[in-house]
Amino acid sequence: MSKVVGEQSTDTLSRIVDLLVEHKIRLDAWEHVLKETNPLLHEHYLGTIENLQTQKAAEARRALIQMLESKPAAN
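Keep in mind that what you see is a predicted model, and the values were worked out from it rather than measured. In this convention, every chain numbers its residues from 1, walking through the sequence in written order. The model is predicted, so local features are restricted to residues of pLDDT at least 70 and side-chain atom pairs to those at 80 or more, both for listing and for counting; the totals for chains, interfaces and linings are taken over all residues. Side-chain measures here rest on the full set of heavy atoms in the structure, leaving out hydrogens and waters.

**Q** Where do I start with the overall build of the chain in this structure?
**A** The helix and strand labels rest on DSSP assignments: H or I over at least four residues marks a helix, E over at least two residues marks a strand, and numbering proceeds from the N terminus. Check the secondary structure of the chain and you find 2 helices and 0 strands. The size measure is the radius of gyration over C-alpha atoms, and the globule rule it meets is 2.2 Å times the number of residues to the 0.38 power. Relative to the 2.2 N^0.38 estimate, which gives 11 Å for 75 residues, the radius of gyration of the chain is 20 Å and therefore markedly larger than a compact globule would have. Structurally, the chain occupies a C-alpha span of about 60 × 35 × 10 Å along its principal axes. Only carbon and sulfur atoms are counted for the fraction: they give 62% of the accessible area of the chain, which is about 7,100 Å². Put simply, the chain has 9 plus and 11 minus side-chain charges, and the middle of one group is 6 Å from the middle of the other. Here the Shrake-Rupley method, with its probe set to 1.4 Å, supplies the accessible areas, and only the displayed protein chains count as covering residues. His is not counted, nor are the chain ends; Lys and Arg add positive charge and Asp and Glu add negative charge. In this description, the location of a charge corresponds to atom NZ of lysine, CZ of arginine, CG of aspartate or CD of glutamate.

Okay, here's the thing in structure tokens:
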């Protein structure tokens, strides 16, 4: 039974990765179109992406710190 569950998890993960790759390719294509058609908006887009990445990293750090602080010390 666990083999079937493991295979389903692997299949699901594989489909998720496929979708992420497909969307990354599409985003890259749209970014290229934006760069060619409106360089100012493209710069704004890049700035927005950079800000979102910074926010995401800060949130991940906060969550990790909170998780580590909430764990009891192992003796």
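Right, picking up where we left off after that structure.
**Q** Help me understand the pattern of salt bridges, please; the structure alone is not making it clear to me.
**A** Think of it this way: side chains of opposite charge can pair up when their charged atoms draw near. Salt bridge, as used here: a side-chain nitrogen of Lys or Arg that lies within 4 Å of a carboxyl oxygen of Asp or Glu. Evaluation of the coordinates by the stated rule reveals 2 salt bridges. The shortest N-O distance in the salt bridge between arginine 26 and glutamate 22 comes to 2.9 Å. Placement of both arginine 26 and glutamate 22 in helix α1 (residues 2-37) is noted, with a separation of 4 residues, approximately one turn of the helix. When a residue's accessible area, from a 1.4 Å probe over protein chains only, is under 20% of the maximum for its type it is buried; when over 50% it is exposed; and in between it is partly exposed. Arginine 26 gets classed as partly exposed once you look at its relative accessible area, which sits at 48%. Two residues, aspartate 28 and lysine 24, come together in a salt bridge whose shortest N-O distance is 2.9 Å. Of this pair, aspartate 28 and lysine 24 both sit in helix α1, 4 residues apart, which is roughly one turn of that helix.

**Q** What exactly am I supposed to notice about the side chain of histidine 42 here?
**A** Along the polypeptide, histidine 42 turns up in helix α2 (residues 39-70). The exposure class assigned to histidine 42 is buried, which follows from its relative accessible area of 6%.

**Q** I would appreciate a short explanation of the environment of serine 14 in the present structure.
**A** Inspection of the secondary structure assignment puts serine 14 in helix α1. Sequence separation between serine 14 and threonine 48 is 34 residues; the distance between their C-alpha atoms is 29 Å.

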